[in-house]
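This is what each chain is made of:
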Amino acid sequence: MIDLTAPLPESAEPIALPTYDRTKLKPAIVHFGVGGFHRAHQAMYLDRLLRDGKTDWAICGVGALPHDAKMRDVMKAQDCLYTLVERPPHGTENVIVIGSIIDYLFAPDDPDAVIEKMADEQTKIVSLTITEGGYNIDAVTGEFDAENPDLVAETSSDDPPKSVYGLVVEALRRRRERGIEPFTVMSCDNIQGNGHVAQGTFTAYAKMRDPELAQWITDNVAFPNSMVDRITPATTGDDIAAIEKDHGVKDGWPVVCEDFDQWVLQDLFPLGRPPYEEAGVQVVDDVLPYELMKLRLLNAGHQALGYFGYLSGYRLVHEAAQDEKLARYVRAYMDNEGTPTLQPVPGVDLDEYKDSLLERFANPHVRDQVQRLCLEASDRIPKFVLPVVRDQLAAGREVRLAAAIVASLARYCEAIDEDGQPIEINDRIADTLKEYAAKQVGSDADELAFLTNHQLFGKLIEDQRFTEPYLEVLRSLHRDGAKATIARLVG
Ligand SMILES: NC(=O)c1ccc[n+]([C@@H]2O[C@H](COP(=O)([O-])OP(=O)(O)OC[C@H]3O[C@@H](n4cnc5c(N)ncnc54)[C@H](O)[C@@H]3O)[C@@H](O)[C@H]2O)c1
Ligand SMILES: O=P(O)(O)OC[C@@H](O)[C@@H](O)[C@H](O)[C@H](O)CO
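What you see is a predicted model; the values in this text were computed from it and never measured.

Asks: Explain the UniProt feature "domain: Mannitol dehydrogenase C-terminal" (unreviewed entry) in the chain here, please?
Replies: Sequence positions flagged by UniProt for "domain: Mannitol dehydrogenase C-terminal" (unreviewed entry) are, in local numbering, residues 286–468. Taken end to end, residues 286–468 has its terminal C-alpha atoms 37 Å apart, with 60% of it in helix and 0% in strand.

Listed below in structure tokens is the structure:
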């Protein structure tokens with residue numbers, strides 16, 4: 001259990017403990033990727049429904065990667081309870097103990113237990129927040145990489161699977177064999193058409209094992225699309241200490257997030273679902289306009305803020321977002337290049353939406369980390385920024401501000417900041433990124449070297465409409481630094 005016995009300061013605000021009997025819940029949802037976001041978002045919506053007595057469904061979390069052992073230990077020690085702290089820009093934070101996760105399985109300990117949990121008839125939904133990189137797709141084509149050596153080895157071996165693909169597909173195989181209807185696979189990752197991407201990739205993996213099973217998945221498994229939104233930074237030691245000090249809760253891994261939340265979900269659940277709409281979820285037929293809006297404004301906006309922000313010396317997102325010129329640059333990117341590529345979004349005033357994004361970025365209490373925005377750029381730039389570039393170019397419109405985002409990444413990947421301090425590049429292809437970026441500096445510099453990474457950028461290097469503004473910004477970053485470059489961009 002989480003320990004609620006620490007002495008409470010007199011000023012402590014009350015915290016909302018679960019009001020429902022957790023022993024009576026059904027583990028109908030199995031979730032892969034129990035990180036900060038899942039615990040701030042999907043698990044929170046379910047907790048809302050449980051408090052209102054509107055469902056008896058609960059979540060069994062799964063960790064598939066070795067580093068999830070830490071989450072396993074915390075969840076086991078705390079009976080899967082944890083504290084969620086929602087921080088508005090002004091006013092009092094809201095503290096909830098979330099009870100909707102009732103079990104946690106760690107696949108490296110016992111893959112068969114995870115497979116059997118999903119194969120169990122009680123499981124109706126398998127959901128995912130395994131990051132953009134978790135889908136094993138080619139950055140340029142968006143296709144599943146069937147040559148990934150780990151997956152090739154996994155599918156040609158009789159050993160129990162390790163990957164999320166192997167585990168889920170084996171569970172689906174067992175359900176088919178046992179005559180049990182398949183569960184719905186619900187991706188909640190920031191990927192355009194996340195349901196379609198999940199459908200394509202899980203089917204492609206299954207094909208590597210058994211083409212007939214792949215066809216059965218195509219014909220029978222539902223993969224709803226969704227747009228998910230709630231800024232959730234990585235939990236820090238300061239967060240843990242503040243929750244104990246202010247609220248008397250000792251929690252090994254609480255979650256801190258903004259007070260905003262949004263979930264737009266396609267209604268595609270053959271085995272049923274909780275009545276999410278009663279918890280504030282927008283259940284719609286077509287998620288695409290919402291996804292485009294969110295990925296190309298918020299997430300690409302984060303990319304615009306991240307590398308320039310870091311190079312400008314900011315380490316917290318709100319500090320970067322409160323830099324007037326940097327905020328103007330981010331807004332100009334959104335207005336001039338992100339917005340023209342969107343579809344009309346039902347019920348949304350885009351100007352108000354963009355205003356609200358900049359306010360959310362500037363929320364000083366969330367204390368989101370600039371380095372979190374700069375993580376895994378090789379997975380994020382192709383999904384958030386390059387689609388805008390390609391759509392703008394195809395329509396004959398300008399890409400100056402989006403090209404600047406890529407140039408800021410190229411400069412960031414040189415891995416030395418403007419004070420000569422090392423930058424830690426956290427990316428699954430960090431060495432490759434650094435190698436390409438290193439070629440753009442020095443006496444025999446190839447200024448376009450970063451773009452020669454065709455696996456990331458395809459043939460973008462051949463389009464002068466992109467390379468000209470890109471080079472202008474990269475040169476300015478080298479010559480004058482980030483702040484002067486941003487000033488020039490917003491001129
Ligand atoms: N943090 C946010 O603000 C936020 C908001 C909206 C959506 N999201 C989505 O949620 C994802 C996770 O964000 P987070 O903040 O929870 O990150 P996190 O680092 O806290 O958790 C990520 C989880 O995904 C798992 N994972 C990563 N790669 C995997 C793989 N290949 N196979 C299986 N599991 C894998 C990790 O082990 C971990 O459990 C993001 O990438 C994004 O798609 C995050
Ligand atoms: O988590 P990622 O990789 O999808 O992207 C980084 C941030 O842009 C993202 O986490 C946002 O904070 C989030 O999408 C807000 O809903």
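Asks: I tried to follow the sheet that holds strand β3 (residues 82–87) on my own but got confused; where do I start?
Replies: The pairing of strands in a sheet happens through backbone hydrogen bonds and is either parallel or antiparallel. Pairing in this open sheet of three strands is mixed, and the strands run β4-β3-β9 from one edge to the other. The open sheet terminates on both sides in strands that have one partner only, identified here as β4 (94–98) and β9 (255–258). Adjacent strand axes in the sheet meet at a mean angle of 25 degrees, parallel and antiparallel pairs treated alike. In the sheet, β3 pairs with β4 via five bridges, with the strands oriented antiparallel.

Asks: How should I be thinking about the pairing of strand β6 (residues 125–128) in this particular structure?
Replies: On a regular strand, one side chain projects to one face of the sheet and the next to the other, so that they alternate. Going residue by residue along β6, you find I125 and S127 tucked away on one face and V126 and L128 tucked away on the opposite face as well. Both strand β1 (residues 26–32) and β6 contribute to a ladder of four bridges, which runs parallel. The partner of I29 across the bridge, within β6, is I125. Where β6 meets strand β7 (residues 184–187), four bridges bridge the pair, whose relative direction is parallel. Bridging across to β7, V126 finds its partner in V185.

Asks: Hey, could you run me through the UniProt feature "domain: Mannitol dehydrogenase N-terminal" (unreviewed entry) in the chain in this one?
Replies: According to UniProt, the "domain: Mannitol dehydrogenase N-terminal" (unreviewed entry) feature falls on residues 28–275. Regarding residues 28–275, the helix share stands at 37% and the strand share at 20%, and the terminal C-alpha atoms are separated by 13 Å.

Asks: Teacher, can you tell me more about the site of ligand 1 here?
Replies: Ligand 1 sits among 22 residues. The nearest are F37, D68, E132, D189 and T232. Here an oxygen atom of ligand 1 and a backbone polar atom of T129 are 3.2 Å apart. Within the backbone of R230, an N or O atom sits 3.1 Å from an oxygen atom of ligand 1. When its residues are assigned to classes, the shell around ligand 1 shows seven nonpolar, nine polar and six charged.

Asks: So what exactly am I meant to see when it comes to the pattern of salt bridges here?
Replies: Between side chains of opposite charge, a pair can form as their charged atoms come close. Inspection of every chain in the model, using the stated rule, returns 43 salt bridges. As a salt-bridge pair, D229 and R360 come within 2.9 Å of each other at their nearest N and O atoms. In this pair, D229 is assigned in strand β8 (residues 226–229) and R360 in helix α13 (residues 350–361), connecting sequence segments 131 residues apart. Its relative accessible area of 2% is what places D229 among the buried residues. Owing to a relative accessible area of 10%, R360 belongs among the buried residues under this scheme. One salt bridge connects K245 with D246, and the closest N-O pair in it is separated by 3.6 Å. A residue is classified by how much of its surface remains accessible, and K245, at 61% relative accessible area, is exposed. Ionic contacts of the salt-bridge type, sharing partners, join the residues D112, E116, E170, R173, R174, E177, R178 and R209 into one network.

Asks: Any chance you could explain the site of ligand 2 here in plain terms?
Replies: Around ligand 2 sit E132, N190, D229, R230, I231, K294, L298, N299, H302, R372, R380 and F384, and that is every residue in its neighbourhood. In this structure, an oxygen atom belonging to ligand 2 sits 2.7 Å away from a side-chain N or O atom of N190. Between N299 and ligand 2, the recorded distance is 2.8 Å, taken from a side-chain N or O atom to an oxygen atom. Secondary-structure elements contributing two or more residues to the shell around ligand 2 are α10 (288–311) and α15 (377–394).

Asks: Help me understand the nonpolar core in this model?
Replies: Across soluble globular proteins, you tend to see nonpolar side chains buried next to one another. If you look at the biggest cluster of nonpolar residues, it comprises 82 residues, and the most contacted ones within it are F308, Y329, F450 and Y470. The element contributing the most residues to this core is α10, with 13 residues. Taken domain by domain, the makeup of this core includes at least three residues from each of domain 1 (22–284) and domain 2 (288–490). When near neighbours in sequence (up to four residues on either side) are disregarded, Y329 contacts A304, F308, L401, A404, I405, I486, L489 and V490.

Asks: Looking at this structure, I do not really get empty space enclosed by the protein. What am I missing?
Replies: A probe matching the size of a water molecule, rolled over the atoms, marks out where space remains unfilled. Under the criterion given, the structure shown has two cavities of 30 Å³ or more. What the largest cavity holds in volume is close to 50 Å³. Taken together, I231, H302, V317, H318, R360, F361, N363, V366, R367 and D368 make up the full set of residues lining the largest cavity. Listed by contribution, the elements that provide at least two residues to the lining of the largest cavity are α11 (317–321) and α13. Its residues assigned to classes, the lining of the largest cavity shows four nonpolar, three polar and three charged. Put simply, the second largest cavity is a space of about 40 Å³. Taken together, D189, N190, I191, S226, M227, V228, E291, K294 and L295 make up the full set of residues lining the second largest cavity. When residues of the lining of the second largest cavity are traced back to their parent elements, those giving at least two are β8 and α10. Classifying every residue of the lining of the second largest cavity gives four nonpolar, two polar and three charged.

Calculation rules
Residues numbered from 1 in each chain as written. Chains lettered and ligands numbered in written order. Predicted model: local features only at pLDDT ≥ 70, side-chain atom pairs only at ≥ 80, totals over all residues. Heavy atoms only, no water. UniProt positions renumbered as here; feature names shortened; annotations may be inferred. Helix = DSSP H or I, 4+ residues; strand = E, 2+ residues; numbered from the N terminus. Pairing = 2+ DSSP bridges. Axes fitted to C-alpha atoms, helices over the stretch in contact; angles between N-to-C directions. Buried < 20%, exposed > 50% of the residue type's maximum accessible area, 1.4 Å probe, protein only. Near = heavy atom within 4 Å. Polar contact = N/O pair within 3.5 Å; in protein donor to acceptor, adjacent residues only side chain to side chain. Nonpolar A, V, L, I, M, F, W, Y, C, P; charged D, E, K, R; others polar. Salt bridge = Lys/Arg side-chain N within 4 Å of Asp/Glu carboxyl O. Core = buried A, V, L, I, M, F, W, Y, C linked by side-chain atoms within 4.5 Å. Domains from an automatic or database assignment. Contact = heavy atoms within 4.5 Å. 1 Å grid on protein atoms, 1.4 Å probe; cavity = no way out; pocket = protein on both sides within 12 Å on 5 of 7 lines; lining within 4 Å. Points joined across faces, edges and corners; volume = space filled by probe spheres on them.

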